[in-house]
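# Breakdown of the fold
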Amino acid sequence: MQQTVNGKTIGLIQGDLTELAVDAIVNAANAHLVLGGGVAGAIRMKGGPSIQEECDRIGGSTVGQAVITCGGNLKARHVIHAVGPRYGEGDEDRKLENATLNSLRRATENSLESIAFPAISTGIFGFPIERCALIMLASIRSFLEKEKTSLKQVLLCLWTKRDFDIFAQALQSQMSESGPT
């Protein structure tokens, strides 16, 4: 399923983020940029030690921000580490929006054409997937409508069919509200 915004594609796929051949994948990161479990653990396992070494040199980030590293042994050339909010910490919607927008900004600053996101903060950080889908999709759409960007394709890669279906419903709803672009 996909939507076109200003000649750029927002697409949904179900699968393994670490297997995508895009310019950058987004890591749902913690503020210390330690590649532990979940998406980050898969990136560490498949990407090799160079990604963590680069994260260690950066030293950390704050909630809502994003930093970029190499992609190591991944098919993606880069990893953008977006620090999403923990559910219950306060102001989570704005922080998730900022993590999404700052990831898109890092991609644009590095002249990247394709990026793939997971559902940020919905794993151990406990953010509700339905809310995440609405916020991330609206943020991406707004960015593509308003910002000058090198990006041509923005993917959301969902691990489970349930997560894919939730994002698909949110995208369909967004398409119905906004009409064709």
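Above this note sits the structure.
This one's a predicted model, so the numbers in the text were calculated from it and none came from an experiment.

## A look at the pattern of salt bridges
Evaluated as defined, the whole model comprises 13 salt bridges. The closest approach of N and O atoms between Arg141 and Glu145, which form a salt bridge, is 3.1 Å. Placement of both Arg141 and Glu145 in helix H4 (residues 129–146) is noted, with a separation of four residues, approximately one turn of the helix. Since its relative accessible area comes to 5%, Arg141 is described here as buried. The shortest N-O distance in the salt bridge between Asp165 and Lys161 comes to 2.9 Å. Of this pair, Asp165 and Lys161 both sit in helix H5 (residues 161–178), four residues apart, roughly one helical turn. By relative accessible area, which is 51% here, Lys161 ends up exposed. Sharing partners across several salt bridges, the network here consists of Asp16, Glu19, Lys46 and Lys75.

## Describing the packing of aromatic side chains
Considering all chains together, one arrives at one aromatic pair under this definition. Judged by centre distance (6.0 Å) and plane angle (80 degrees), the rings of Tyr87 and Phe127 are edge-to-face. One end of the pair, Tyr87, is in the loop between strand S5 (78–83) and helix H3 (92–109); the other, Phe127, is in the loop between strand S6 (114–117) and H4, and 40 residues separate them in sequence.

What counts, and at which threshold
- Residue positions are given per chain, counted from 1 along the sequence in the order it is written.
- The model is predicted, so local features are restricted to residues of pLDDT at least 70 and side-chain atom pairs to those at 80 or more, both for listing and for counting; the totals for chains, interfaces and linings are taken over all residues.
- Hydrogen atoms and water are omitted, and side-chain values are computed over all heavy atoms in the structure.
- What makes a salt bridge here is a side-chain nitrogen of Lys or Arg within 4 Å of a carboxyl oxygen of Asp or Glu, nothing more.
- Helix and strand definitions here come from DSSP, where helices need a minimum of 4 consecutive H or I residues and strands a minimum of 2 consecutive E residues; each element is numbered from the N-terminal end.
- For the exposure calls, accessible area comes from a 1.4 Å probe over protein chains only, and a residue counts as buried if that area is under 20% of its type's maximum, exposed if over 50%, partly exposed in between.
- Here a pair means two rings of Phe, Tyr or Trp (six-membered ring of Trp) with centres within 6.5 Å. Their orientation is stacked below 30 degrees between planes, edge-to-face above 60, and tilted elsewhere.

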